[in-house]
Amino acid sequence: MRTTTQLLLLIVLVAAFPHGARAAETCLPNQPSGVACLDDTFTSFWRDNGGLPVFGYALTGAGLERNSDASQEFVTQWTERNRFEQHPENRAPYDILLGRMGAERLAQLGRDLAAEGRESAPIAGCLWFEQTGHNVCDQAGGQGFQTYWRTHGLTQPSLAAYEGSLALFGLPLTAAREEQGANGEMLLTQWFERARFEWHPGNPSAYRVQLGLLGAE
(Lines give C-alpha, C1' and ligand atoms only; values in the text may rest on other atoms or scores of the structure.)
Protein backbone atom coordinates (compact mmCIF):
# COMPACT_ATOMS: atom_id res chain seq x y z
CA MET A 1 0.00 0.00 0.00
CA ARG A 2 2.73 2.37 1.01
CA THR A 3 4.58 1.79 -2.31
CA THR A 4 1.38 2.38 -4.29
CA THR A 5 0.67 5.62 -2.39
CA GLN A 6 4.21 6.88 -2.98
CA LEU A 7 3.96 6.09 -6.71
CA LEU A 8 0.66 7.95 -7.02
CA LEU A 9 2.15 10.95 -5.21
CA LEU A 10 5.13 10.95 -7.59
CA ILE A 11 2.82 10.91 -10.63
CA VAL A 12 0.86 13.87 -9.25
CA LEU A 13 4.05 15.86 -8.61
CA VAL A 14 5.44 15.19 -12.09
CA ALA A 15 2.16 16.23 -13.68
CA ALA A 16 1.99 19.39 -11.59
CA PHE A 17 5.61 20.43 -12.20
CA PRO A 18 6.68 19.28 -15.68
CA HIS A 19 10.26 19.69 -16.92
CA GLY A 20 11.71 21.01 -13.71
CA ALA A 21 8.86 23.38 -12.79
CA ARG A 22 9.37 26.48 -14.91
CA ALA A 23 8.19 29.86 -13.66
CA ALA A 24 4.52 30.45 -12.86
CA GLU A 25 2.14 32.11 -15.28
CA THR A 26 0.15 35.33 -15.06
CA CYS A 27 -3.25 35.34 -16.72
CA LEU A 28 -4.64 38.73 -17.68
CA PRO A 29 -8.09 40.18 -16.96
CA ASN A 30 -10.47 39.35 -19.83
CA GLN A 31 -8.04 36.69 -21.07
CA PRO A 32 -9.64 35.31 -24.26
CA SER A 33 -10.56 31.65 -24.23
CA GLY A 34 -7.87 29.41 -25.67
CA VAL A 35 -5.07 32.02 -25.38
CA ALA A 36 -2.02 31.19 -23.26
CA CYS A 37 -1.03 33.05 -20.10
CA LEU A 38 2.19 35.04 -19.77
CA ASP A 39 5.12 33.25 -18.19
CA ASP A 40 6.27 35.22 -15.14
CA THR A 41 9.72 35.41 -16.75
CA PHE A 42 8.21 37.95 -19.19
CA THR A 43 5.28 39.48 -17.28
CA SER A 44 7.10 42.56 -15.97
CA PHE A 45 8.68 43.23 -19.37
CA TRP A 46 5.26 42.93 -21.06
CA ARG A 47 3.60 45.23 -18.52
CA ASP A 48 6.32 47.89 -18.35
CA ASN A 49 6.90 48.28 -22.09
CA GLY A 50 3.46 48.68 -23.61
CA GLY A 51 1.30 45.76 -22.50
CA LEU A 52 -1.68 44.69 -24.58
CA PRO A 53 -1.61 47.41 -27.31
CA VAL A 54 2.08 46.84 -28.08
CA PHE A 55 2.47 43.08 -27.55
CA GLY A 56 -1.03 41.58 -27.45
CA TYR A 57 -1.99 38.43 -25.58
CA ALA A 58 0.33 35.45 -25.24
CA LEU A 59 -0.23 32.82 -27.92
CA THR A 60 1.97 30.03 -26.55
CA GLY A 61 3.42 28.91 -23.29
CA ALA A 62 7.11 29.57 -22.65
CA GLY A 63 9.52 26.92 -23.87
CA LEU A 64 12.93 26.39 -25.42
CA GLU A 65 13.26 27.44 -29.07
CA ARG A 66 16.22 27.92 -31.36
CA ASN A 67 16.81 31.50 -32.46
CA SER A 68 17.52 31.77 -36.18
CA ASP A 69 20.31 34.27 -35.42
CA ALA A 70 22.10 32.03 -32.89
CA SER A 71 23.10 28.42 -32.50
CA GLN A 72 21.60 27.84 -29.04
CA GLU A 73 18.07 27.59 -27.71
CA PHE A 74 16.45 30.27 -25.55
CA VAL A 75 13.35 30.31 -23.35
CA THR A 76 10.82 31.89 -25.73
CA GLN A 77 7.19 32.98 -25.61
CA TRP A 78 5.15 34.21 -28.56
CA THR A 79 2.56 36.97 -28.27
CA GLU A 80 0.13 38.25 -30.88
CA ARG A 81 2.51 41.00 -31.99
CA ASN A 82 5.99 39.87 -30.96
CA ARG A 83 8.24 37.19 -29.50
CA PHE A 84 10.03 37.35 -26.14
CA GLU A 85 13.39 35.64 -25.65
CA GLN A 86 15.25 35.18 -22.37
CA HIS A 87 19.01 35.63 -22.79
CA PRO A 88 20.69 34.68 -19.49
CA GLU A 89 24.09 35.43 -21.04
CA ASN A 90 23.18 39.15 -20.96
CA ARG A 91 22.98 41.39 -17.92
CA ALA A 92 19.60 42.91 -17.02
CA PRO A 93 17.83 44.74 -18.56
CA TYR A 94 19.16 43.08 -21.74
CA ASP A 95 18.38 39.56 -20.55
CA ILE A 96 15.01 39.77 -22.33
CA LEU A 97 15.11 40.57 -26.04
CA LEU A 98 12.45 40.92 -28.73
CA GLY A 99 12.35 38.99 -31.98
CA ARG A 100 12.87 40.77 -35.31
CA MET A 101 9.28 40.05 -36.23
CA GLY A 102 8.94 42.58 -39.04
CA ALA A 103 12.09 41.44 -40.81
CA GLU A 104 11.18 37.77 -40.35
CA ARG A 105 7.63 38.22 -41.63
CA LEU A 106 8.81 40.15 -44.70
CA ALA A 107 11.24 37.33 -45.48
CA GLN A 108 8.46 34.79 -44.98
CA LEU A 109 6.35 36.72 -47.50
CA GLY A 110 9.22 36.71 -50.00
CA ARG A 111 9.60 40.50 -50.03
CA ASP A 112 12.93 41.64 -51.53
CA LEU A 113 13.75 44.86 -49.68
CA ALA A 114 16.81 45.53 -51.84
CA ALA A 115 14.59 45.52 -54.93
CA GLU A 116 12.09 47.85 -53.25
CA GLY A 117 14.91 50.36 -52.76
CA ARG A 118 15.49 53.40 -50.59
CA GLU A 119 13.56 56.64 -50.59
CA SER A 120 15.21 59.44 -52.54
CA ALA A 121 15.73 61.94 -49.69
CA PRO A 122 14.62 63.09 -46.23
CA ILE A 123 11.16 64.67 -46.07
CA ALA A 124 10.74 67.86 -44.07
CA GLY A 125 8.98 67.23 -40.75
CA CYS A 126 9.63 63.49 -40.79
CA LEU A 127 12.15 61.23 -39.08
CA TRP A 128 14.84 60.19 -41.56
CA PHE A 129 16.80 56.96 -41.04
CA GLU A 130 19.94 57.03 -43.16
CA GLN A 131 20.77 53.41 -42.25
CA THR A 132 17.82 52.06 -44.26
CA GLY A 133 16.93 55.09 -46.37
CA HIS A 134 13.37 55.62 -45.14
CA ASN A 135 11.28 58.41 -43.65
CA VAL A 136 8.79 57.93 -40.83
CA CYS A 137 6.08 60.59 -41.03
CA ASP A 138 2.84 61.57 -39.34
CA GLN A 139 -0.38 61.16 -41.22
CA ALA A 140 -2.60 63.87 -39.74
CA GLY A 141 -1.90 66.85 -37.49
CA GLY A 142 0.65 65.42 -35.09
CA GLN A 143 -0.78 61.91 -35.29
CA GLY A 144 0.67 58.97 -37.11
CA PHE A 145 3.67 56.72 -37.43
CA GLN A 146 6.31 59.28 -36.43
CA THR A 147 4.55 60.32 -33.21
CA TYR A 148 3.77 56.70 -32.30
CA TRP A 149 7.40 55.65 -32.87
CA ARG A 150 8.71 58.58 -30.81
CA THR A 151 6.28 58.16 -27.89
CA HIS A 152 6.61 54.39 -27.42
CA GLY A 153 9.76 52.57 -26.42
CA LEU A 154 11.39 50.26 -23.92
CA THR A 155 11.34 51.87 -20.48
CA GLN A 156 14.89 51.20 -19.38
CA PRO A 157 16.74 53.86 -17.35
CA SER A 158 19.87 53.39 -19.43
CA LEU A 159 18.08 54.27 -22.68
CA ALA A 160 17.19 57.74 -23.96
CA ALA A 161 13.75 58.11 -25.57
CA TYR A 162 15.08 57.63 -29.12
CA GLU A 163 17.09 54.57 -28.09
CA GLY A 164 14.06 53.09 -26.32
CA SER A 165 11.94 53.46 -29.47
CA LEU A 166 14.71 51.92 -31.55
CA ALA A 167 14.95 48.98 -29.14
CA LEU A 168 11.19 48.37 -29.26
CA PHE A 169 10.49 48.83 -32.97
CA GLY A 170 13.84 48.92 -34.75
CA LEU A 171 14.60 50.76 -37.99
CA PRO A 172 12.03 51.26 -40.75
CA LEU A 173 12.47 48.65 -43.48
CA THR A 174 10.00 50.05 -46.02
CA ALA A 175 8.37 53.31 -46.98
CA ALA A 176 4.79 53.88 -45.85
CA ARG A 177 2.44 52.65 -48.59
CA GLU A 178 -1.01 51.17 -49.07
CA GLU A 179 -1.08 47.43 -48.43
CA GLN A 180 -3.84 44.89 -47.97
CA GLY A 181 -4.42 44.11 -44.30
CA ALA A 182 -5.22 40.71 -42.81
CA ASN A 183 -8.97 41.37 -43.19
CA GLY A 184 -8.62 42.44 -46.83
CA GLU A 185 -8.85 46.17 -46.10
CA MET A 186 -6.33 48.48 -47.78
CA LEU A 187 -4.32 50.31 -45.11
CA LEU A 188 -1.38 52.70 -45.09
CA THR A 189 1.37 50.43 -43.75
CA GLN A 190 5.02 50.72 -42.79
CA TRP A 191 7.29 47.87 -41.75
CA PHE A 192 9.98 48.05 -39.07
CA GLU A 193 12.50 45.49 -37.89
CA ARG A 194 10.27 44.41 -35.00
CA ALA A 195 6.81 45.70 -35.92
CA ARG A 196 4.35 46.70 -38.63
CA PHE A 197 2.53 50.03 -38.26
CA GLU A 198 -0.97 50.36 -39.71
CA TRP A 199 -2.96 53.59 -40.07
CA HIS A 200 -6.68 53.26 -39.28
CA PRO A 201 -8.11 56.76 -39.90
CA GLY A 202 -11.66 55.73 -38.98
CA ASN A 203 -10.68 54.75 -35.42
CA PRO A 204 -10.85 57.07 -32.39
CA SER A 205 -7.78 59.30 -32.18
CA ALA A 206 -5.84 57.16 -29.69
CA TYR A 207 -6.24 54.01 -31.79
CA ARG A 208 -5.49 55.19 -35.32
CA VAL A 209 -2.02 53.66 -35.27
CA GLN A 210 -2.25 49.90 -34.72
CA LEU A 211 0.52 47.32 -34.65
CA GLY A 212 0.18 44.29 -36.90
CA LEU A 213 -0.39 40.84 -35.39
CA LEU A 214 2.96 39.54 -36.59
CA GLY A 215 3.26 36.85 -33.93
CA ALA A 216 -0.12 35.43 -34.90
CA GLU A 217 0.76 35.60 -38.61
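Data block above holds the structure.
The model shown is predicted, which means the values in this text are computed figures rather than measured ones.

Undergrad: What is the right way to read the overall build of the chain from this model?
TA: Looking only at helices and strands, the chain features seven helices and 14 strands. A buried classification covers 40% of the 217 residues belonging to the chain. Considering only contacts within the chain whose residues lie at least 6 apart along the sequence, 41% involve residues at least 24 apart.

Undergrad: Teacher, can you tell me more about the sheet that holds strand 6 (residues 96-98) here?
TA: Each strand in a sheet pairs with another by means of backbone hydrogen bonds, the pair being arranged parallel or else antiparallel. Sheet architecture is open: four strands sit in the order 3-4-5-6, paired in antiparallel fashion. Each having just a single partner strand, strand 3 (63-66) and strand 6 make up the two edges of the open sheet. Strand-to-strand twist across the sheet, computed as the mean angle between neighbouring axes with direction ignored, equals 45°. Of the strand pairs in this sheet, strand 3 and strand 4 (residues 73-78) are connected by four bridges, and their pairing is antiparallel. Pairing of G63 across the sheet is with T76, part of strand 4.

Undergrad: Whenever I open this one, the state of the cysteines confuses me. Can you help?
TA: Should the sulfur atoms of two cysteines be covalently bonded, the bond is a disulfide. For the structure on display, the rule yields two disulfides. The partner cysteine of C27 in its disulfide is C37, sulfur to sulfur 1.8 Å. Measuring the twist about the S-S bond at about 85°, one finds the C27-C37 disulfide to be right-handed. Here the residue C27 occupies a position in the loop between strand 1 (25-26) and strand 2 (38-39), and C37 occupies one in the loop between strand 1 and strand 2, the gap between them amounting to 10 residues. Judged by relative accessible area, C27 falls into the partly exposed class, the value being 48%. Here C126 connects covalently by a disulfide to C137, the sulfurs 2.1 Å from one another. Torsion about the S-S bond of the C126 and C137 cystine: about 110°, corresponding to right-handed handedness. Placement of the pair is C126 in the loop between helix 5 (113-116) and strand 7 (127-129) and C137 in the loop between strand 8 (134-136) and strand 9 (138-140), with a sequence separation of 11 residues. Each member of the pair, C126 as well as C137, is classed as buried. Numbered by order of appearance in the sequence, the disulfide-linked cysteines of the chain pair as 1-2, 3-4.

Undergrad: Would you explain the pairing of strand 13 (residues 196-199) in this entry?
TA: Residues R196 and E198 point to one face of strand 13 and F197 and W199 to the other, with burial holding for every one of them. Relative to strand 13, strand 12 (residues 186-191) runs antiparallel, the two being bridged by four bridges. Bridge pairing in strand 13 places T189 opposite E198. The loop that links strand 12 with its antiparallel partner strand 13 comprises four residues. Judged from the three bridges that link them, strand 13 and strand 14 (residues 209-211) form a sheet pairing that is antiparallel.

Reading the values: rules and limits
Residues numbered from 1 in each chain as written. Predicted model: local features only at pLDDT ≥ 70, side-chain atom pairs only at ≥ 80, totals over all residues. Heavy atoms only, no water. Helix = DSSP H or I, 4+ residues; strand = E, 2+ residues; numbered from the N terminus. Buried < 20%, exposed > 50% of the residue type's maximum accessible area, 1.4 Å probe, protein only. Contact = heavy atoms within 4.5 Å. Pairing = 2+ DSSP bridges. Axes fitted to C-alpha atoms, helices over the stretch in contact; angles between N-to-C directions. Disulfide = S-S within 2.5 Å.

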